[in-house]
Amino acid sequence: MSQDFNKKVSHGKESTGITIRKDGTEEVFIAGTTPVWHRVGQRTSGAVTSDGALKLAGLDWQVKGCPLFTSIEGIRHEVVDHKAIVRQDTKDVLGVVGKRYRPVQNAAAFGWLDELLGRRLAAYESAGSVRNGALVWALVRLPGEMRIHGADDVVRPYILVCNSHDGSVAFRALQTVIRVVCANSLTMAIRNAGPNSVVARHTRGFQNRLEDAQAVLGIAVQQHRQFEVQMNTLAQYRMTTKRFANYLDAVLGPPVENSPPENQAARLGITANFDHEFQRIKGIEHSAWAAVNAVSQYVDWERPSRGKSQVERDERRLSSTFVGQGAELKRKAWMAALTLIGAN
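First, a word on what this report is: a plain description of the structure on this page. Being a predicted model, the structure only gives us computed values, none of them experimental. (Residues numbered from 1 in each chain as written. Predicted model: local features only at pLDDT ≥ 70, side-chain atom pairs only at ≥ 80, totals over all residues. Heavy atoms only, no water.)

What about the overall build of the protein chain?
Phase 1: Counting its secondary structure elements, the protein chain contains nine helices and 13 strands.
Phase 2: A total of 344 residues make up the protein chain; the buried ones form 51% of that total.
Phase 3: Contacts in the protein chain between residues at least 24 apart in sequence constitute 61% of all its contacts with a sequence separation of at least 6.
Phase 4: Surface accessibility of the protein chain: about 16,100 Å² in total, with carbon and sulfur atoms responsible for 51%. (Helix = DSSP H or I, 4+ residues; strand = E, 2+ residues; numbered from the N terminus. Buried < 20%, exposed > 50% of the residue type's maximum accessible area, 1.4 Å probe, protein only. Contact = heavy atoms within 4.5 Å. Areas by Shrake-Rupley, 256 points an atom, 1.4 Å probe, with all protein chains shown as cover.)

Pasting the structure below:
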């Protein structure tokens, strides 16, 4: 199979949000124990295995690298240094990549967790794709939970697994947490993975990097203990009016004349969230931990997203929260908070 270089890469009208098949089925599932704040996808009563996650999310398809050709003055030429990544069930061209690029199938991207799943040390609770399948992800629940001492505030540990089929993102396994009281998530942005994550490019060494990913996941629970210490330290750090204003400047940038409307809206929304009941739980009110969650609440629930319907806007917000600008904004919020307590 070959692809004409002049053919437009397939990105339909839903390409920036959750992939929607021609029959209207969304390529995403969310287990019953996972907060369904985005109101999208197939619902299940509990977490599933990797095979089950692929099937429920509609990700049980493969991709293939195909030669590229272009026409110059009526003569057909192969583009030898590049190839097209083609989704086999829909024949969509998901991206154009270099000749050394090796496709990583969805089953391989998810399957490295099977050993831990079999030992019941982890469980899939969400999976899906965006941009017609160009990027896939899975959210994996780890055992245990973390608490703010003396407060009814609990977060649960997860691993976010991401993989692309268009060369935009290498395979990544990132630590994340979800706050129970409001379903806000805190995730390291894909473009800025830290030492407690794994990046594996689509080359010959990918399988070895998957072994590294298993090692990182094996110590993830210990790393979440460190996160628990940090969140408790943040909960003890009081935010005065000036400190909170400086914090917003660090996250959003200082306000300037004629700032874009979206920046003004973000500042107003986060400020309002700082006094929301979720951030006024006894023991965390007016703290740096409350400030971080004010940002997360804005990103996960309130940040404007484009779309003709509420469902489409929810889908695009979900994509941004996990793998886009929303995730980057939350990363900045977390790093700025650590700077406040001298932990960054």
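Description of the packing of helix α5 (residues 241-252) against helix α6 (residues 261-274)
Phase 1: Where α5 contacts α6, the two axes come as close as 11 Å, and the packing angle between them is 140°. In this view, α5 runs oblique relative to α6, as classed from their interaxial angle. The chirality of how α5 crosses α6 is right-handed. Residues Phe244, Ala245, Leu248, Asp249 and Leu252 of α5 pack against Asn263, Ala266, Arg267, Ile270, Thr271 and Phe274 of α6. (Axes fitted to C-alpha atoms, helices over the stretch in contact; angles between N-to-C directions. Parallel < 35°, antiparallel > 145°, perpendicular 65-115°, else oblique. Left-handed = near helix turned anticlockwise from the far one by under 90°.)

Considering helix α7 (residues 288-302)
Residues that lie three or four places apart on an α-helix share one face, since the helix turns once every 3.6 residues.
Phase 1: The terminal C-alpha atoms of α7 lie 20 Å apart, and with 15 residues this matches the ideal 21 Å at 1.5 Å per residue to within 8%.
Phase 2: Counting buried residues along α7, 13 of its 15 residues qualify, which places the element largely inside the surrounding structure. (Expected span 1.5 Å × (residues − 1).)

Side note on the environment of Gly111
Phase 1: The topology assignment puts Gly111 in helix α2 (residues 106-111).
Phase 2: Classification of Gly111 as partly exposed rests on a relative accessible area of 22%.
Phase 3: For Gly111 and Leu54, which are 57 residues apart along the polypeptide, the C-alpha to C-alpha distance reads 9.9 Å.

A few points about unusual backbone geometry
Phase 1: Unusually for a residue other than glycine, Arg131 sits at a positive phi of about 55°.
Phase 2: Relative to the assigned elements, Arg131 resides in the loop between β7 (123-130) and β8 (135-141).
Phase 3: Even without a glycine there, the phi angle at Asn132 is positive, about 60°.
Phase 4: Considering the arrangement of structural elements, one finds Asn132 in the loop between β7 and β8.
Phase 5: For Asn132, a relative accessible area of 10% puts it in the buried group.

Some details on the packing of α7 against helix α9 (residues 325-340)
Phase 1: At a minimum axis separation of 9 Å, α7 and α9 run at an interaxial angle of 175°. If you check the angle between α7 and α9, you find them roughly antiparallel. Between α7 and α9, the contacting residues are Ala288, Trp289, Val292, Val295, Ser296, Val299 and Asp300 on the first element and Gly326, Leu329, Lys330, Ala333, Trp334, Ala337 and Leu340 on the second.
Phase 2: Here the residues of the contact of α7 with α9 are counted per class, giving ten nonpolar, two polar and two charged. (Nonpolar A, V, L, I, M, F, W, Y, C, P; charged D, E, K, R; others polar.)

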